[in-house]
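# Structure at a glance
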Amino acid sequence: MRDYCIRTATSGDLDGARAVMLDTVYRDFGTGYVPRWHGDIVDPASAYLASARHTLLVAVDESESSVVATAALDSRGPLHPPNPRRLAECYPSGVTAQLRRVYVRPEHRRRGLARRLVAELLAFAAADGGYRAVYLHTDPAVTGAEGFWRSLGKVVHDEREDAGGGQSVVHFEVPLTR
């Protein structure tokens, strides 16, 4: 059994975290790097380490000393467009903790890493004291993603039910525990 250390990312972790994120968008999403969606991946230090209200967590496989999973949180709510206007209004920036980049390398999945990372992000959001809600969206085409998020939160909008299917994205709110 492997041992994992979950911690706040340091500058020394950023190359490993970036690799996990880029591998995920290429392999699991099939989109590759898209600047308007993935700018935070290229510069995670500015996106997650520069603000005290944002964070980037990593899971490190201690036997290999390598980053094998990531999870991030920032204070930017969903923007309209591309997200539905109602969600942007319900989850405004500044008071919404948005979960992002919860990615685990395939060979390290099914070991509880994503759940542990999300628990740490929720504790971070609660400790901040300024967040009213925790929001995220996911691509249900990614194996296991929708079921995982349904186990932690509630669906607040499923774009597959929109006329034309929207972006086929499912939006969630996860309870903010204090």
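Further up the page is the structure itself.
Just so you know, these numbers come straight off a predicted model, no measurement behind them.

## Comments concerning the sheet that holds strand E6 (residues 154-158)
Spatial strand order, E1-E2-E3-E4-E5-E7-E6: 7 strands in an open sheet with mixed pairing. Either end of the sheet is taken by a strand with one partner, and the two such strands are strand E1 (4-8) and E6. Pairs of neighbouring strands in the sheet enclose a mean axial angle of 25°, with direction left out of account. In this sheet, strand E2 (residues 55-61) lies alongside E1 in antiparallel orientation, the contact comprising 5 bridges. Paired with Arg 7 across the two strands is Val 58, which belongs to E2. Lying over the sheet, helix H1 (residues 14-27) contacts E2, strand E3 (66-74) and strand E4 (96-104), oriented at roughly 85° with respect to E3. Contacts between helix H6 (residues 145-152) and the sheet are confined to E4, strand E5 (133-138), E6 and strand E7 (170-174), with E7 contributing the most and set at about 30° to the helix.

## Topic: helix H5 (residues 113-128)
In this model, H5 (16 residues) spans 23 Å end to end at C-alpha, consistent with the 22 Å of a helix rising 1.5 Å per residue. For H5, the full list of buried residues reads Leu 113, Ala 114, Leu 117, Val 118, Leu 121, Leu 122, Ala 125 and Ala 126. One or two steps after H5, the chain reaches Gly 129, where phi turns positive at roughly 80°.

## Describing the pattern of salt bridges
This structure, assessed with the given rule, holds 14 salt bridges. Across the pair Glu 64 and Arg 2 runs a salt bridge, and its minimum N-O distance is 3.1 Å. Of this pair, Glu 64 sits in the loop between E2 and E3 while Arg 2 sits in the segment before E1, and the two are 62 residues apart along the sequence. With a relative accessible area of 46%, Glu 64 lands in the partly exposed category. By sharing partners, the salt bridges in this structure join Glu 146, Arg 150, Asp 158 and Arg 160 into a single network.

## A look at the pairing of E7
Burial within E7 is extensive, with 4 of its 5 residues counted as buried. Bridge analysis of E5 against E7 gives 5 bridges, and the strand direction is antiparallel. Across the sheet, the residue bridging to Leu 136 is Phe 172, located in E7. As paired elements, E6 and E7 share 4 bridges and run antiparallel to each other. Looking at E7, one finds that His 157 is bridged to His 171.

Conventions adopted
Residues numbered from 1 in each chain as written. Predicted model: local features only at pLDDT ≥ 70, side-chain atom pairs only at ≥ 80, totals over all residues. Heavy atoms only, no water. Pairing = 2+ DSSP bridges. Helix = DSSP H or I, 4+ residues; strand = E, 2+ residues; numbered from the N terminus. Axes fitted to C-alpha atoms, helices over the stretch in contact; angles between N-to-C directions. Contact = heavy atoms within 4.5 Å. Expected span 1.5 Å × (residues − 1). Buried < 20%, exposed > 50% of the residue type's maximum accessible area, 1.4 Å probe, protein only. Salt bridge = Lys/Arg side-chain N within 4 Å of Asp/Glu carboxyl O.

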